[in-house]
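# Close look at the chain arrangement
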Amino acid sequence: MKLLRFILYALLWIPTVLCVAWAFGALYFDFPKAGAFTAILFVLALLAVVLFVRGKLLKLATVFGAFAVVVSWWLTLKPSNDRAWQPDVAQTAWTEINGDEVTIHNVRNCDYRTATDFTPHWETRTVRLSQITGMDVAINYWGSPWIAHPIVSFQFADALPLCFSIETRKTIGQQYSTLEGFYRQYTLIYVVADERDCIRLRTNYRREDVYLYHTLASPDQARQRFREYINTLNVLHENPRWYNAVTHNCTTSIRTQRAAKLRIPWDWRILLNGKADEMLYQDHAFATGGLSFTELKQRILINDRARAADQDPNFSSIIREGLPRSD
């Protein structure tokens with residue numbers, strides 16, 4: 001019995017240590033002043049509890065209580081749209097809807113010289129819901145094959161495509177950190193952009209691998225997805241939301257912006273989103289032209305076409321040349 005109690009007690013310390021580690025990070029990154037000092041002091045205080053407080057359960061209760069205090073404080077932190085933002089995310093998109101007509105303000109269409117040297121341009125575009133013909137998904141990779149970034153592009157019969165890219169909104173001087181992404185360091189932004197901005201930035205300047213899938217969504221289904229995006233745009237324009245690397249990122253946000261009863265079942269590849277295209281291929285969401293997943297992915301790598309097209313006004317048509325359009 002003593003051995004069993006020892007094992008159970010030891011197992012209880014695993015979530016305890018994880019909670020302390022998370023609380024340390026929350027204080028280190030998000031505490032408004034002297035975060036590193038506060039985080040270290042927090043851990044030292046808990047070490048003193050473990051060493052000097054009598055009673056195993058009391059030790060655990062004290063540590064979990066301290067963790068609960070940090071969580072309660074952390075949840076009070078509120079995001080803001082009023083900060084010194086980097087130029088590429090300086091504006092948030094928002095829409096005006098008048099029946100079939102949707103006017104989108106602050107569509108990004110930057111003039112790039114390099115990935116970091118560019119002239120920001122923000123445009124107002126008006127599109128019609130009735131003219132949506134379908135939707136494509138661009139998946140780009142910059143390192144690990146397990147992590148990617150999806151960009152949804154809506155196609156119109158009478159207008160240029162519009163891209164929606166869910167990203168971190170960074171202030172001047174901020175760099176993205178995966179670790180900081182678990183805390184409240186970045187707000188969430190839905191960038192609406194021309195494909196010559198959002199996709200060309202990644203293929204031609206960042207030199208990331210970009211794969212462009214044509215989905216089998218019907219025009220009605222694409223219109224429904226479009227409405228979900230523009231509704232979220234207007235919410236975030238007035239009520240900013242924190243980015244979180246797990247709960248509110250570029251992929252989970254696509255799922256959670258839908259009504260709960262309409263969401264696809266949870267799949268581990270939603271989180272490790274470098275494999276999300278494989279999941280969607282298996283779910284018959286993409287036009288494949290009868291190709292295997294490996295063959296399809298080789299066919300739809302658009303980097304060479306995008307670099308050749310560069311600033312061509314027909315950029316969107318050129319990058320789609322030869323891509324499968326049916327299953």
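Our subject is the structure listed above.
This section reports on the structure supplied with the text. What you see as residue numbers is a count from 1 along each chain, following the sequence as written. Reporting of local features is limited, given that this is a predicted model, to residues whose pLDDT is at least 70; pairs of side-chain atoms are given and counted only at 80 or more, and all residues count toward the totals for whole chains, interfaces and linings. Based on all heavy atoms of the structure, the side-chain values leave hydrogens and waters out of the count.

Counting from the N terminus, the helices are DSSP H or I runs at least four residues long and the strands are E runs at least two residues long. Looking only at helices and strands, the chain has 11 helices and 10 strands in total. Think of it in three bands: with a 1.4 Å probe and only protein chains considered, a residue is buried below 20% of the maximum accessible area for its type, exposed above 50%, and partly exposed in between. Taking all 327 residues of the chain together, 47% fall into the buried category. For the chain, restricting intrachain contacts to residue pairs at least 6 apart in sequence, the fraction spanning at least 24 positions comes to 66%. The charge count treats Lys and Arg as positive and Asp and Glu as negative. His and the chain ends do not count. Charge coordinates come from a single atom per side chain, which is NZ of Lys, CZ of Arg, CG of Asp or CD of Glu. On the chain, the mean spot of the 36 positive side-chain charges and the mean spot of the 31 negative ones are 12 Å from each other. Two residues qualify as a contact provided that any one of their heavy atoms is within 4.5 Å of a heavy atom in the partner residue.

Throughout, an axis means a line fitted to C-alpha atoms (over the contacting stretch in the case of helices), and angles, computed between N-to-C directions, take values from 0 to 180 degrees. Running from N to C, helix α2 (residues 35-52) and helix α3 (residues 56-74) point in directions that differ by 165°, and their axes come no closer than 9 Å. Taken together, the axes of α2 and α3 are roughly antiparallel relative to one another. Seen from above, α2 lies across α3 with right-handed handedness. Residues Phe 42, Leu 46, Val 49, Val 50, Leu 51 and Phe 52 of α2 lie in contact with α3, whose contacting residues are Lys 59, Thr 62, Val 63, Ala 66 and Val 70. Note on residue classes: Ala, Val, Leu, Ile, Met, Phe, Trp, Tyr, Cys and Pro are nonpolar, Asp, Glu, Lys and Arg are charged, and everything else, Gly too, is polar. The residue makeup of the contact of α2 with α3, split by class, is 9 nonpolar, 1 polar and 1 charged. Roughly parallel means an angle under 35 degrees; roughly antiparallel means over 145; roughly perpendicular covers 65 to 115; every other angle is labelled oblique. Throughout, a crossing is termed right-handed when the near helix is turned clockwise from the far one, and left-handed when it is turned anticlockwise from it by less than a right angle.

An α-helical turn contains 3.6 residues, so any two residues separated by three or four positions project in the same direction. Most of helix α4 (residues 195-205) sits out of view: 10 of its 11 residues are buried. Glu 195, Arg 196, Asp 197, Cys 198, Ile 199, Arg 200, Leu 201, Arg 202, Thr 203 and Asn 204 are the residues of α4 that are buried. Pairs of N or O atoms within 3.5 Å make up the polar contacts considered here, provided that, within protein, one atom can donate a hydrogen while the other can accept it, and that residues adjacent in sequence are counted only when both atoms are side-chain atoms. Capping the start of α4 is the job of one residue whose side-chain oxygen sits 2.7 Å from the backbone nitrogen of Arg 196: Asp 194. Positive backbone phi, approximately 60°, marks Arg 207, located one or two places after α4.

Let's shift gears to unusual backbone geometry. Negative phi characterises most residues that are not glycine, and trans characterises most peptide bonds. Positive phi values are uncommon outside glycine, yet Asn 106 reaches one of about 65°. Located in the positive-phi region is Asp 310, a residue other than glycine, with phi close to 45°. Mapped onto the fold, Asp 310 is located in the loop between α10 (303-309) and α11 (315-318).

With that out of the way, let us pick up the side chain of Asn 140. One can find Asn 140 in strand β6 (residues 132-141). Owing to a relative accessible area of 2%, Asn 140 belongs among the buried residues under this scheme. A polar contact is formed between the side chain of Asn 140 and the side chain of Glu 208, at a distance of 2.5 Å. If we ignore the near neighbours within four places in the chain, the residues touching Asn 140 are Ala 148, His 149, Ile 151, Arg 202, Glu 208, Asp 209 and Val 210.

Patches here are clusters of residues that have more than 30% relative accessible area and form no salt bridge, with a 9 Å joining cutoff for like charges and a 5 Å cutoff for nonpolar side chains (Val, Leu, Ile, Met, Phe, Trp, Tyr). Using a 1.4 Å probe, accessible areas were evaluated by the Shrake-Rupley method; residue-level cover was limited to the displayed protein chains. One side-chain nitrogen of Lys or Arg within 4 Å of one carboxyl oxygen of Asp or Glu is enough to make a salt bridge. On the surface, a nonpolar cluster with roughly 980 Å² of combined accessible area is contributed by Trp 142, Trp 146, Ile 147, Leu 179, Phe 182, Val 246, Trp 266, Trp 268, Leu 271 and Leu 272. The residue Trp 268 is located in helix α7 (residues 268-271) in this model. A residue is classified by how much of its surface remains accessible, and Trp 268, at 48% relative accessible area, is partly exposed.

What follows concerns the side chain of Thr 168. Within the secondary structure layout, Thr 168 lies in strand β8 (residues 162-169). A polar contact is formed between the side chain of Thr 168 and the side chain of Lys 170, at a distance of 3.3 Å.

Let us now look at the packing of aromatic side chains. Two rings belonging to Phe, Tyr or Trp (six-membered ring only in the last case) form a pair when the distance between their centres is within 6.5 Å. Interplanar angles under 30 degrees mark stacking, angles over 60 mark edge-to-face geometry, and anything in between is tilted. Inspection of every chain in the model, using the stated rule, returns 23 aromatic pairs. Summarising the aromatic geometry, the rings of Trp 22 and Tyr 183 are spaced 5.8 Å apart at their centres and angled 35° between planes, so their arrangement reads as tilted. With a gap of 161 residues between them, Trp 22 in helix α1 (residues 2-30) and Tyr 183 in the loop between β8 and β9 (187-193) connect regions that are remote in the sequence. Judged by its relative accessible area of 23%, Trp 22 falls in the partly exposed class. Each ring, one from Tyr 213 and one from Phe 286, has its centre 4.1 Å from the other, and the planes form 15°; the classification is stacked. One end of the pair, Tyr 213, is in strand β10 (residues 209-214); the other, Phe 286, is in the loop between α8 (276-282) and α9 (293-299), and 73 residues separate them in sequence. When sorted by exposure, Tyr 213 lands in the same class as Phe 286, which is buried. Grouped by ring-pair contacts, the aromatic residues Trp 22, Phe 24, Tyr 28, Phe 29, Phe 67, Trp 74 and Tyr 183 constitute a single cluster. Working rule: Lys NZ or Arg CZ, within 6 Å of ring centre, within 35 degrees of ring normal, means a charge sits over the ring. Positioned above the aromatic ring of Trp 74 is the side chain of Arg 184, whose terminal nitrogen or guanidinium carbon lies 4.1 Å from the ring centre. The residue whose ring lies beneath Lys 275 is Trp 146, and the NZ or CZ to ring-centre distance is 4.9 Å.

With that out of the way, let us pick up the pairing of β8. For a regular strand, the rule is simple: side chains alternate between the two faces of the sheet. Here β8 lies mainly inside the structure; 8 of its 8 residues are buried. Across 4 bridges, the pairing between strand β7 (residues 149-156) and β8 is antiparallel. Following the sheet pairing, Ser 153 is matched in β8 by Cys 163. Here, strands pair whenever DSSP counts at least two bridges between them. The hairpin turn running from β7 into β8, its antiparallel successor, is 5 residues long.

Moving on to the pattern of salt bridges. Using the criterion set out here, one finds 16 salt bridges in the structure. Ionic pairing is found between Asp 197 and Arg 108, a salt bridge with its closest N-O pair at 2.9 Å. Placement of the pair is Asp 197 in helix α4 and Arg 108 in strand β2 (residues 101-108), with a sequence separation of 89 residues. The burial state of Asp 197 is the same as that of Arg 108; both residues are buried.

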